[in-house]
Amino acid sequence: MKDQSCKPCAEGRYSLGTGIRFDEWDELPHGFASFSANMETDNSATASTENCTSSKWVPRGDYIASNTDECTATLMYAVNLKQSGTVNFEYYYPDSSIIFEFFVQNDQCQPSTDDYRWMRTTEKGWEFHSVELNRGNNVLYWRTTAFSVWSRAPKPVLVRNIAITGVAYTSECFPCKPGTHAAKQGSSFCKLCPANTYSNKGETSCHQCDPDKYSEKGSSSCKVRPACTDKDYFYTHTACDANGETQLMYKWAQPKICSEDLEGAVKLPASGVKTRCPPCNPGFFKTSNSTCEPCPYGSYSNGSDCAHCPAGTEPAVGFEYKWWNTLPTNMETTVLSGVNFEYKGMTGWEVAGDHIYSAVGASDNDFMILTLAVPGFRPPQSMTADTENKEVARITFVFETICSVNCELYFMVGVNSRTNTPVETWKGSKGKQSYTRSIENNATMSFTWAFQRTTFLETGRKYTSDVAKIYSINITNVMDGVASFCRPCALEASDTGSSCTSCSAGYYIDRDSGTCRPCLPNTVLKAHQPYGSQACVPCGPGTKSNKIHSLCYNDCTFSRNTPARTFNYNFSALASTVTHAGGPSFTSKGLKYFHHFTLSLCGNQGKKMSVCTDNVTDIRIPEGESGFSKSVTAYVCQAVIIPSEVTGYKAEVSSQPVSLADRLIGVTTDMTLDGITSPAELFRPESLGIPDVIFFYRSNDVTQSCTSGRSTTIRVRCNPQKAAPGRLSLPGSCSGGTCDGCSFHFLWESVAACPLCSVADYHAIVSSCVAGIQKTTYVWREPKLCSGGLSLPEQRVTICKTIAFWLKVGISAGICMAVVLAVLTCYFWKKNQKLEYKYSKLVMNATLKDCDLPAADSCAIMEGEDVEDDLIFTSKKSLFGKIKSLTSKRTPDGFDSVPLKTSSGGPDVDL
């Protein structure tokens, strides 16, 4: 400061000039502040905020680690710059389920720029990040929030070596911290001491440890070497020699920290035991010097000699590794430190003949990494033409884990050299088993297996007997791959003979003739094995195949037959994609989130229309440009949504997308189809007498908990009160639409789910004849349980004849008179019968011999006499004749004239 000039720092000391550096994180350095808060933007959740008080950034020696829960943890540092400068730091950000932000604010709490706010996940270990700072006050923020609300805890974000330039000129140099040194003058940083050396504070060089001691890189002291045990070495095999033999070799695990000279120490077992080399892997052949080389295209092998594919066949290219004498050329292995997360130049996996196993690392929490690189794939044409079932290949491997503590085996997939994404994790010991995953991207792929013996932060080798073993790896349809067998192909005639050709989509290969034959209607072709008619599998009920016979779909129509009638359905109004969010859920920290479902029921020629995304690390990308966001396309998919009013971001956070439906199994009114059941008790019973139409789906994702993949059922129910598209609901007894995590159930109520209207759904009402017009009106039967289909016929008008009122009265009166006359006629006829009886008595008396008339006892019917006694008539007369006789044979004096016959048969005499 005296002469206002800059002087170089002495050896063992360093200076940043106008900067400051923070590289020791045993505790939070002076000037830093760490605090946390609940993500909820309102202040009502006081209890939830209290739950987040312990969720902060934690110093861990060489770095500082973020929180891993759903609280928002912030690391803050305020600095005043005398001139424009920079801030740079290293970070390790492996897990995309955490949002990691870094931003700078000025005096007015305004962010200086938004371009660097959202950090990208790291590709390979630690990455460097630098941001320019303006003169004046600057507040630096490192902020993290985890969104892994229903899976395992994510890995934390790590930050180290924070350096800031542009602060006041320094007037002193700082001594190198223990474990580092500066050998030259004018150093801006101190170098780490190599392994088996140490240094004290302000050292210019590192000191060698004594032979009975050791140290790790950057140590300030040396530790006593322990006695060697069987946990400190491993075995491997040498490459095959010219005699076809391999040697079993034992090696010390690196870095070697044990001593063989101590009492009780084990010695390295003798190496050099020779055994016969295992055969080459399928598709390879053994050369004269006992090395394995790939067979040329057009040939195949089982690991011995190459053979040309027979006529009518072609090689099924891929990679199949089941013998492990040497590591294949497209595989590499390394070790990622579980302490400082730096890659080490070590071998993570060792070959062992019939398997490959995880080697011994420097510490039990190291990640033993094995990576297989594939340049691309060459699927059959039938698979390429299928745009919906995007599977281009499959990877299958057989593995086993033997663990005594909390070991984990990760299987990760990387696309086009991007970050490996964990797709499956196995914890603890797992018996020998197989795992298969579909590959849907025809791109450069990498497959990585990472094994960690324990997640504890303590160092050392205690669990080296815990291992992961991989017995075989098989990948199909690999570009530039080799073949272990030849598959039948379709023959194409040419000038040089016949050659293999690809069948068109929807055609299978006839094994006998070698020709392509089309699949029958409403069948789908097994793209992996298109041989014989049995390769065409019938579609399920209520579905039909698309044009290329790659999938079964429902065209939004359905028919149900009953003894009384046929019910036809048209679900076209339900074909559009719909979304549904279940009720809000809360984590233990009080974070509110929703299970968000996207459904596409039918139509669209079977195209999957539902898309669920993971935008946790891509929130800053404008909508429509998020090309790197992970997304899932299916018939039904699910994502975890945290609304924007909770996060405070412009867009809602969508994470952990999962496909629930990749294949439509069938559409029926039955409760069970293909092993999938839609329990009726999950929803309230239908009350209209129309059974629910159920859509059954399956997903392709197979997990440890869902060994058969996930399944989905959608009950489509007729409800005239719900206008299209209607209302979706989840089972009330099962949160998130599922009771077991594997079977998902939905109820879709809509008027569009009612049967199409037909003649049986309406009836006619005929009016009276008014002014010569009669109307017939058609109305729906109540309640109306149909939709669409036939419309009500128009009102029909017909002409009818009417009668005048007085004419009606006259006719009525005439009818009444006729009835009265008929009654009178009957009355007089009866009376005439009685008179006939009387006169018949007189006639009978007139037959006496003396022709005298006897004295009449009585002129009336005697008591006890019956008018119904037999009458003797002198002659038969009609009813009309009897009436005439009543009127014509009465004498002028008022007496009746009755003809009588004499006893002698003479002429009649009138009396």
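Residues numbered from 1 in each chain as written. Predicted model: local features only at pLDDT ≥ 70, side-chain atom pairs only at ≥ 80, totals over all residues. Heavy atoms only, no water.

Within a sheet, neighbouring strands are paired by backbone hydrogen bonds and run either parallel or antiparallel to one another. On the basis of which strands lie adjacent, the open sheet formed by six strands has the order β28-β27-β31-β36-β33-β34 and antiparallel pairing. Edge positions in the sheet fall to β28 (343-344) and β34 (421-427), since each has one partner strand and no second. Summarising the sheet, strand β33 (residues 408-415) and strand β36 (residues 445-452) pair through eight bridges and their orientation is antiparallel. Paired with Y410 across the two strands is A450, which belongs to β36. (Pairing = 2+ DSSP bridges. Helix = DSSP H or I, 4+ residues; strand = E, 2+ residues; numbered from the N terminus.)

As for its placement among the helices and strands, T122 is situated in the loop between β8 (98-105) and β9 (127-133). Within the structure, T122 has its side chain in polar contact with the backbone oxygen of G125 (distance 3.5 Å). (Polar contact = N/O pair within 3.5 Å; in protein donor to acceptor, adjacent residues only side chain to side chain.)

Our next topic: the sheet that holds β8. Read from one edge to the other, the open sheet built from four strands follows the order β3-β6-β10-β8, with strand pairing classed as antiparallel. Either end of the sheet is taken by a strand with one partner, and the two such strands are β3 (32-37) and β8. Between one strand axis and the next, the sheet turns by 20° as a mean value, whatever way the strands run. Here strand β6 (residues 72-81) pairs with strand β10 (residues 136-146) via ten bridges, running antiparallel. Residue pairing across strands places A73 opposite T144, the latter belonging to β10. (Axes fitted to C-alpha atoms, helices over the stretch in contact; angles between N-to-C directions.)

Another aspect to go through is the packing of aromatic side chains. For the coordinates displayed, the defined rule picks out 43 aromatic pairs. Ring pairs connect the aromatic residues F22, W25, F32, W57, Y77, F89, Y91, Y93, F100, F102 and W142, which therefore count as one cluster. Here the basic side chain of K432 rests over the ring of Y471, its NZ or CZ set 4.0 Å away from the ring centre. Seen from the ring of F567, R560 lies directly overhead, with NZ or CZ sitting 4.3 Å from the centre. (Phe/Tyr/Trp six-rings, centres within 6.5 Å; stacked < 30°, edge-to-face > 60°. Lys NZ or Arg CZ within 6 Å of the ring centre and 35° of its normal.)

Tallied over the full model, the rule gives 18 disulfides. At a sulfur-sulfur separation of 2.1 Å, the disulfide partner of C556 is C602. Between C556 and C602 the disulfide shows an S-S torsion of about 100°. By sign, it is right-handed. A residue pair is termed long-range when its members are at least 10 positions apart, and C556 in the loop between β46 (552-553) and β47 (557-561) and C602 in the loop between β51 (592-599) and β52 (610-614) qualify at 46 residues. Each member of the pair, C556 as well as C602, carries the same accessibility label: buried. (Disulfide = S-S within 2.5 Å. Buried < 20%, exposed > 50% of the residue type's maximum accessible area, 1.4 Å probe, protein only.)

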